[in-house]
Every structure is written in C-alpha cells, then in structure tokens.
Amino acid sequence: MRRVRDGTIGILPAGALGVSFFHQLTRHLTQNDGAILFLERRGSKSTEALRARGELIIADSGVTHRVPLTNLLPGDLLNAFEQKALPEIMLLCPNPDQLPGILNTVVQLLERMNECSELTPDFELPALVLSSNGIYYQRLRQQFIERLEESTLLGRLPDLWPDLMPRIVGRLLRGVMIQTGVRDGVGVNVVYHSGLRGITRLAGGDQKLRERACELLRGRGGWFEMARHSSATRLEFDKAMVNLTANLLGQFYAIDAGGKFTPLRVRDIATAEHEAEIRELAQQVFEVGRAVRVYAPDEQFETIFAQMLETTHQHDDHMPSSLQWIDLRLRQGKLDPKLTPTEEWLLDPLIRYAHAAGLHDIGHHFEALKTRAIANLALASNRMAAETGR
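Here the structure is a predicted model, which is why all the values come from computation and not from measurement.

Each value, and the rule that gives it
- Residues numbered from 1 in each chain as written.
- Predicted model: local features only at pLDDT ≥ 70, side-chain atom pairs only at ≥ 80, totals over all residues.
- Heavy atoms only, no water.
- Helix = DSSP H or I, 4+ residues; strand = E, 2+ residues; numbered from the N terminus.
- Rg over C-alpha atoms; globule rule 2.2 N^0.38 Å.
- Buried < 20%, exposed > 50% of the residue type's maximum accessible area, 1.4 Å probe, protein only.
- Contact = heavy atoms within 4.5 Å.
- Lys, Arg positive; Asp, Glu negative; His and termini not counted.
- Charge placed at Lys NZ, Arg CZ, Asp CG, Glu CD.
- Pairing = 2+ DSSP bridges.
- Axes fitted to C-alpha atoms, helices over the stretch in contact; angles between N-to-C directions.
- Expected span 1.5 Å × (residues − 1).
- Parallel < 35°, antiparallel > 145°, perpendicular 65-115°, else oblique.
- Left-handed = near helix turned anticlockwise from the far one by under 90°.
- Nonpolar A, V, L, I, M, F, W, Y, C, P; charged D, E, K, R; others polar.
- Core = buried A, V, L, I, M, F, W, Y, C linked by side-chain atoms within 4.5 Å.

Overview of the overall build of the protein
Right, on to step 1. Secondary structure summary: the protein contains 14 helices and 11 strands in total.
Right, on to step 2. Taken over C-alpha atoms, the radius of gyration comes to 21 Å for the protein, in line with the 21 Å a tight globule of 390 residues would show.
Right, on to step 3. If you line up the protein on its principal axes, its C-alpha atoms span 65 × 50 × 35 Å.
Right, on to step 4. Within the span of the protein, comprising 390 residues, buried residues form 54% of the whole.
Right, on to step 5. Across the protein, contacts joining residues at least 24 apart in sequence account for 77% of those joining residues at least 6 apart.
Right, on to step 6. The averaged location of the 48 negative side-chain charges in the protein is 4 Å from the averaged location of its 45 positive side-chain charges.

Okay, structure coming up:
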C-alpha cells in the first residue's frame, strides 16, 4: 500500500516563502498540475482562512492570479497519510520557531505508521527539507532524536536503533535558500507577492536522498543545487554571511538618521563603499565557525569571503526579505522596533556559539548589532508614527 506519491512536492506552510516556492515550481503557474501542493501546520489560523476562501491570490509583475485550492490543500501530514497522499519531498519554510512543532507532527506520523504495521525497513516517509532561515540544524536534529526516543519509552514506537533511527534522521535535509516573498494583508484578504527566483543549496541527511530531492526540484524549474560541502551547519554559516550582509547591514543602509526608509536591492548594499563593514561581519562569522569546527583550521577566510561575495552578487536584483518586510509594515503603518525572525535566528545562535567558544569580543559585537538594528527600526517606526499620526 503506497502512501507516498512519487514526483510530488509538498510545501508547508502556504506562507510568503511557501507561495514563492509554489510559484517557482509550477513555472509561474503554467504547470499547475497538482504535483505541487500545500500541507497545513496543525492549528494554523492562516491556513484555515485560506481554506475558507478557497483560493490563493498571487501578484506577479503587476498581474494578479487567483489559484483555486481544490486538491492543493489535503490537510496536515496525518491527513495526507490517511489519504495516501504524502508527497515525496517536503519543503518546510515556516518561521524557525515553528519547526519543532512540525517535527513533533512527523513523530506522530511515525507513531501512526507503527500502529498500521507500516514502520518496516522499507517504510515510506517524505524527505523533509528544512528551509527556514537561521542556524539551527544540528540542535533541531538532536531534539528530533530525543523526541523519537521519548516515544519509544512511552511504547508508541519500537526500538529504532540501530537500523531505523539513522534512516529516519537521514530524511532531515537542510535547504539554505535565497528566496523571498511578501504577504500583504491578513486572513481572507491576503495577497502574496512572489519574489525573484533565488538559489537553494541542499546539505545534510542521506546523500542519495539529497540527490533525488535536488533532481526533482530542479526538474520542476526550481533553482536548487547540491552544496559544496555535505555539512548542513557549514552551509548555515556560509549563508549567515550572505544573509546578515543583505538583511542586517541592508537595514542599516536603508534607514537614515532621520528614520527615512529607502528600499534597496542587493547591488545597492554589497558595494565597494560598504566592503569594510561587510568584510568585518563575515570574518567574525568565520571565526565563530572555525571555533566550533564548522571550518577547518587550514581554511582561509579570503577563499570563503570570495565565495560569499559571488553568491551575494548572483542576487543583485533582489530586495532582501527583511527590507521587503520593513517596506510592507511601513505601508501598513504597523512597523514595530523588533528584530525580524531572520536576524534573530542568525544572531542569537552566533552569540551563543561565540561566548561558548570564549570569543567574547565577537559575542558582544553581535549583541551590539542587535541593539543597533532595534534602534534603527525604532527611528523608522517613530517617523512613521509622526507622519501617520499612529
């Protein structure tokens, strides 16, 4: 009894990034053949609102598309299992703090498979591509293992060692992306603006599974590549340099001393004028990475920095996601002076790793960057309030 539909890709949730991936993998909606679908996060109010409306509204290049959700929203993972409609690949791109809850649902799915006597050596489970921004893969994988072992202790799963556990955990892949998207509005009034096509590099998990995921996603028109290194944490550190340059430093350059916000693209941020600050930030990420053995002792920063700049400039036309978010919140009159999840899930782990490695000066510098970012957003928020009277 097949529970997985070969060649299908599930996206969770139907949020801004998820809809951008949907738009990309359906070749701008010209190949919306049912092979790309959305799965729900249990208890998600936004998905309930989408289901009630029955359609997605996607704005692209000045054109608004209405996409019926019939057969594109089979429910959550457990519903898909019962309907024999599990996708072969799942792209998980919620806010990072929602990932543990989704992996708990995966554990519940495995428990249900065990109840059905289907947790056998040839068990079927989607490849799970963790695509949210941040540095979290190693910690989240360990939490997943602990949750599986807890389920074994409670008698809901059999002993998974030594055979099943590596195969289950091997289905956790890391997809580090440069993909943007914006959600405008709330509830039934949401309009999704698909971002420019960005690269996603795959690392971690089982290599053959990673190769199959890359093949399938590229075959659907996605910009997916295998990472140079198989280490997911290494990929996260590499991407942190790019992300902090575009999103964090980009905020500093986009908001002036009077709180005026100017939308910038990557080409406006990664300039010769800003190179000294970009280099300093990248080198500090590199030093933390080397201290926690993400980078080997003999690796040279200049090589890593050159690769980072190459990746950054491949996306010169992009407006970074955090700047899109600020722009949207200002237009809505709802900008609050607090970090976006992108910066929070990059800076907080870097601060933790830096202090744990004894690199306290670097840790304090990252803490100062957080303070500066919040102060910068406060300038823009105060100007917004003065101009709108809110």
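Describing the sheet that holds strand β7 (residues 172-177)
The strands making up a sheet are joined through hydrogen bonds of the backbone, oriented either antiparallel or parallel.
Right, on to step 1. Sheet architecture is open: 7 strands sit in the order β2-β1-β5-β6-β7-β10-β11, paired in mixed fashion. One side of each edge strand has no neighbouring strand; the edge strands of this open sheet are β2 (36-38) and β11 (224-226). Strand-to-strand twist of the sheet, defined as the mean angle between neighbouring strand axes without regard to direction, takes the value 30°.
Right, on to step 2. Bridge analysis of strand β6 (residues 127-130) against β7 gives 3 bridges, and the strand direction is parallel. What sits directly across from Leu-128, in β7, is Leu-172.
Right, on to step 3. Along the sheet, helix α8 (residues 232-254) contacts β7 and β10 (200-203); its crossing angle with β7, the most-contacted strand, is approximately 15°.

A closer look at the environment of Tyr-295
Right, on to step 1. Looking at where Tyr-295 falls in the secondary structure, it is placed in the loop between α10 (275-291) and α11 (301-313).
Right, on to step 2. Taking the C-alpha atoms as reference points, Tyr-295 and Leu-217, separated by 78 residues in sequence, lie 28 Å from one another.
Right, on to step 3. For Tyr-295, the contacting residues outside a window of four places in its chain are Arg-234, Phe-237, Asp-238, Met-241, Phe-286, Gly-289, Arg-290 and Ile-304.

Notes on the pairing of strand β3 (residues 55-60)
Right, on to step 1. For β3, a buried count of 5 out of 6 residues is recorded, marking the element as mostly surrounded by other parts of the structure.
Right, on to step 2. Across 6 bridges, the pairing between β3 and strand β4 (residues 63-68) is antiparallel. Across the sheet, the residue bridging to Glu-55 is Pro-68, located in β4.
Right, on to step 3. Counting the residues between successive antiparallel strands, the hairpin from β3 to β4 contains 2 residues, one of them, Ser-61, with a positive phi of roughly 55°.
Right, on to step 4. Sheet analysis places β3 next to strand β9 (residues 191-194), joined by 2 bridges and oriented parallel.

Observations regarding helix α7 (residues 207-219)
Right, on to step 1. Here α7 contains 13 residues, and its C-alpha end-to-end distance of 18 Å stays within 8% of the 18 Å for a straight helix at 1.5 Å per residue.
Right, on to step 2. Buried residues of α7: Leu-209, Arg-210, Ala-213, Cys-214, Leu-216 and Leu-217, and no others.
Right, on to step 3. Positive phi appears at Gly-221, one or two residues downstream of α7, with a value of about 95°.

A few points about the packing of α10 against α11
Right, on to step 1. Where α10 meets α11, the axes come as close as 10 Å, and the angle between the chain directions of the two elements is 120°. Comparing their axes, α11 and α10 come out oblique. As α10 packs across α11, the resulting crossing turns out to be right-handed. Contacts between α10 and α11 involve Glu-275, Ile-278, Arg-279, Ala-282, Gln-283 and Phe-286 from the former and Phe-301, Glu-302, Ile-304, Phe-305 and Met-308 from the latter.
Right, on to step 2. Across the contact of α10 with α11, the residue classes tally to 7 nonpolar, 1 polar and 3 charged.

Section: the sheet that holds strand β8 (residues 181-184)
Right, on to step 1. Read from one edge to the other, the open sheet built from 4 strands follows the order β4-β3-β9-β8, with strand pairing classed as mixed. Strands at the two margins of the open sheet, each flanked by one partner only, are β4 and β8. Taking the axes of each pair of neighbouring strands and ignoring which way they run, one obtains an average angle of 25° across the sheet.

Overview of α10
Right, on to step 1. With 17 residues, α10 extends 24 Å from end C-alpha to end C-alpha; this agrees with the ideal 24 Å at 1.5 Å per step.
Right, on to step 2. Turning to α10, its buried residues are Ile-278, Leu-281, Ala-282, Gln-284, Val-285, Phe-286, Val-288 and Gly-289.
Right, on to step 3. Buried residues in α10 make contact with α8, α9 (266-269), α11, α13 (341-356) and α14 (360-388).
Right, on to step 4. Backbone geometry just downstream of α10 places Arg-293 in the positive-phi region, at approximately 70°.

Quick word on the environment of Ile-11
Right, on to step 1. Considering the arrangement of structural elements, one finds Ile-11 in strand β1 (residues 4-12).
Right, on to step 2. The exposure class assigned to Ile-11 is buried, which follows from its relative accessible area of 0%.
Right, on to step 3. Sequence separation of Ile-11 and Leu-73 is 62 residues, and the distance between their C-alpha atoms is 9.8 Å.
Right, on to step 4. Not counting residues up to four positions away in its chain, the partners in contact with Ile-11 are Gly-18, Phe-21, Phe-22, Ile-36, Leu-37, Phe-38, Leu-39, Leu-91 and Cys-93.

Structural notes on the nonpolar core
Right, on to step 1. By size, the foremost hydrophobic cluster in this structure holds 38 residues, and its most contacted members are Leu-110, Phe-144 and Leu-148.
Right, on to step 2. Listed by contribution, the elements that provide at least two residues to this core are β1, α3 (77-82), β5 (86-92), α4 (99-115), β6, α5 (137-153) and α6 (164-169).
Right, on to step 3. Among the elements that take part in this core, α4 stands out by supplying 8 residues, more than any other.
Right, on to step 4. Residues Met-241, Leu-248, Phe-252 and Ala-354 belong to the second largest nonpolar core, which totals 35 residues.

So, unusual backbone geometry
Right, on to step 1. Of note, the bond from Leu-12 into Pro-13 is cis; its omega dihedral lies within 30 degrees of zero at -5°.
Right, on to step 2. The topology assignment puts Pro-13 in the loop between β1 and α1 (16-25).
Right, on to step 3. Here the bond from Trp-161 into Pro-162 is cis, since omega is 0°, no more than 30 degrees from zero.
Right, on to step 4. You can see Pro-162 is positioned in the loop between α5 and α6.
Right, on to step 5. A positive phi angle, near 50°, is found at Arg-27, a position not held by glycine.
Right, on to step 6. Note that Arg-27 resides in the loop between α1 and β2.

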